Amino acid sequence: MTDAELVDAITKGDEISIGYFDESPIKVKNDSVSTEEAIEALKNFLRLTSADRFADSRHPFAYYQFMVHECGNDLLGKQSGQLKEPTQVWEYVTPLHFYFAKSDDKMHVVLEANVAWYSHGMVMSWENGNTLVRVSEFDGTTTNDNPEYVFCTYKQEFNTKRS
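Described in the following lines is the structure provided in the data block.

1. As for the side chain of N159
Here comes step 1: Relative to the helices and strands, N159 is located in the loop between β7 (149-151) and β8 (160-161).
Here comes step 2: At 2.6 Å, the side chain of N159 and the backbone nitrogen of T153 are in polar contact.

Quick look at the structure:
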């Protein structure tokens, strides 16, 4: 897409095909930053592919494993059992929309998704649109207190570090 088409899509709140999610169309929301500020981060985000998603699997998988630890093994229902491989986690993630947020003068692309294992869903945040810096439940923040981690919880054995 051209810059003009991206600006138009952001302004209208259109769906944009996202390579990270196999070109699935995902709605963009923008009510907090200027479209001009968001363009570079969006272009970076659009360069991500499903290979990047699979490389990032360990982070949402850690989130899933933490929730199993906290809530028990039956989070996906009796028919699904428990996930064994990190890449399986994506079968239970449904992207809802993404938006832009600034934190520490850096632009973030933030994606909200439903997940089968937790009613509070999942948020993923990419700094500058290309570096995954946070995976967590919905809580309104784009980064972790400790920037060393992508998934971060009080149970350190589940925390995942940035690549």
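2. Let's talk about helix α2 (residues 35-46)
Here comes step 1: End to end, α2 covers 15 Å across 12 residues, agreeing with the expected 16 Å (1.5 Å per residue, within 8%).
Here comes step 2: Among the residues of α2, those classed as buried are T35, A38, I39, A41, L42, K43, N44 and F45.
Here comes step 3: Elements that come into contact with the buried residues of α2 comprise α1 (3-12), β1 (15-18), β3 (93-103), β4 (106-115) and β5 (118-127).

3. Structural notes on the pattern of salt bridges
Here comes step 1: Under the defined criterion, the tally for this structure stands at nine salt bridges.
Here comes step 2: Residue K43 is joined to D3 by a salt bridge in which the shortest nitrogen-to-oxygen separation is 3.1 Å. Separated by 40 residues along the polypeptide, K43 in helix α2 and D3 in helix α1 bring together distant segments of the chain.
Here comes step 3: The exposure class of D3 is partly exposed, given its relative accessible area of 38%.
Here comes step 4: A salt bridge links K161 to E148; the shortest N-O distance between them is 2.6 Å. Taken together, the positions of K161 in strand β8 and E148 in the loop between β6 (131-136) and β7 put the pair 13 residues apart, joining distant regions of the chain.
Here comes step 5: Owing to a relative accessible area of 42%, K161 belongs among the partly exposed residues under this scheme.
Here comes step 6: Residue classification places E148 among the partly exposed residues on the basis of a relative accessible area of 38%.
Here comes step 7: Members of the salt-bridge network, linked through shared partners, are D3, E40 and K43.

4. A short note on the packing of aromatic side chains
Here comes step 1: Under the defined criterion, the tally for this structure stands at 15 aromatic pairs.
Here comes step 2: Ring plane angle 55 degrees and centroid distance 6.1 Å describe the contact between F66 and F151, whose orientation is recorded as tilted. Of the two residues, F66 is situated in helix α4 (residues 58-71) and F151 in strand β7; the sequence distance between them amounts to 85 residues.
Here comes step 3: We classify F151 as buried; its relative accessible area is 4%.
Here comes step 4: Put simply, the rings of F61, Y63, Y64, F66, W117, Y118, F151, Y154 and F158 touch in pairs and so form one group of aromatic residues.

Conventions used here
Residues numbered from 1 in each chain as written. Predicted model: local features only at pLDDT ≥ 70, side-chain atom pairs only at ≥ 80, totals over all residues. Heavy atoms only, no water. Helix = DSSP H or I, 4+ residues; strand = E, 2+ residues; numbered from the N terminus. Polar contact = N/O pair within 3.5 Å; in protein donor to acceptor, adjacent residues only side chain to side chain. Expected span 1.5 Å × (residues − 1). Buried < 20%, exposed > 50% of the residue type's maximum accessible area, 1.4 Å probe, protein only. Contact = heavy atoms within 4.5 Å. Salt bridge = Lys/Arg side-chain N within 4 Å of Asp/Glu carboxyl O. Phe/Tyr/Trp six-rings, centres within 6.5 Å; stacked < 30°, edge-to-face > 60°.

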